[in-house]
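Now for the letters of each chain:
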Amino acid sequence: MLFLVAALMLFGVVLGTVAHAPLTVTAALAAVIAVWLAVFALRERHARRRPTTD
């Protein structure tokens, strides 16, 4: 998943509007997205391990 974030960031730097933003802003936003995706993945993994009590 982090590879995907890195690939999309690189793609954005080469072709997208991210090329017009400073590198520090781009890196900070990429880090925020990576943390967001990691938290989501951990929550999903935790939810799948815990059996539901319906």
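Now for a quick tour of the structure. (Residues numbered from 1 in each chain as written. Predicted model: local features only at pLDDT ≥ 70, side-chain atom pairs only at ≥ 80, totals over all residues. Heavy atoms only, no water.)

## A short note on the overall build of the protein
Scanning the protein from terminus to terminus reveals two helices and zero strands. About 4900 Å² of surface is accessible on the protein, with carbon and sulfur atoms providing 72% of the total. (Helix = DSSP H or I, 4+ residues; strand = E, 2+ residues; numbered from the N terminus. Areas by Shrake-Rupley, 256 points an atom, 1.4 Å probe, with all protein chains shown as cover.)

## Considerations on the packing of helix 1 (residues 2–15) against helix 2 (residues 23–49)
The N-to-C vectors of helix 1 and helix 2 enclose an angle of 155°; their axes lie 10 Å apart at closest approach. Classified by the interaxial angle, the pair formed by helix 1 and helix 2 is roughly antiparallel. As helix 1 runs across helix 2, the sense of the crossing is right-handed. Contacts between helix 1 and helix 2 involve Leu 2, Val 5, Met 9 and Val 13 on the former and, on the latter, Thr 26, Ala 27, Ala 30, Ile 33, Ala 34 and Leu 37. Partitioned by chemical class, the residues of the contact of helix 1 with helix 2 number nine nonpolar, one polar and no charged. (Axes fitted to C-alpha atoms, helices over the stretch in contact; angles between N-to-C directions. Parallel < 35°, antiparallel > 145°, perpendicular 65-115°, else oblique. Left-handed = near helix turned anticlockwise from the far one by under 90°. Contact = heavy atoms within 4.5 Å. Nonpolar A, V, L, I, M, F, W, Y, C, P; charged D, E, K, R; others polar.)

## Observations concerning helix 2
If you check helix 2, its first and last C-alpha atoms are 39 Å apart, about what 27 residues at 1.5 Å a residue would give, namely 39 Å. At its buried positions, helix 2 is contacted by helix 1. (Expected span 1.5 Å × (residues − 1).)

## With respect to a nonpolar patch on the surface
A contiguous nonpolar surface patch, about 520 Å² in accessible area, is contributed by Leu 10, Phe 11, Val 13, Val 14 and Leu 15. Structurally, Phe 11 can be placed in helix 1. (Patch = residues over 30% accessible without salt bridge, like charges linked within 9 Å, V, L, I, M, F, W, Y side chains within 5 Å. Salt bridge = Lys/Arg side-chain N within 4 Å of Asp/Glu carboxyl O.)

## Side note on the environment of Ala 41
Within the fold, Ala 41 resides in helix 2. Taking C-alpha positions, Ala 41 is 9.0 Å from Met 1, a pair spaced 40 residues apart along the chain.

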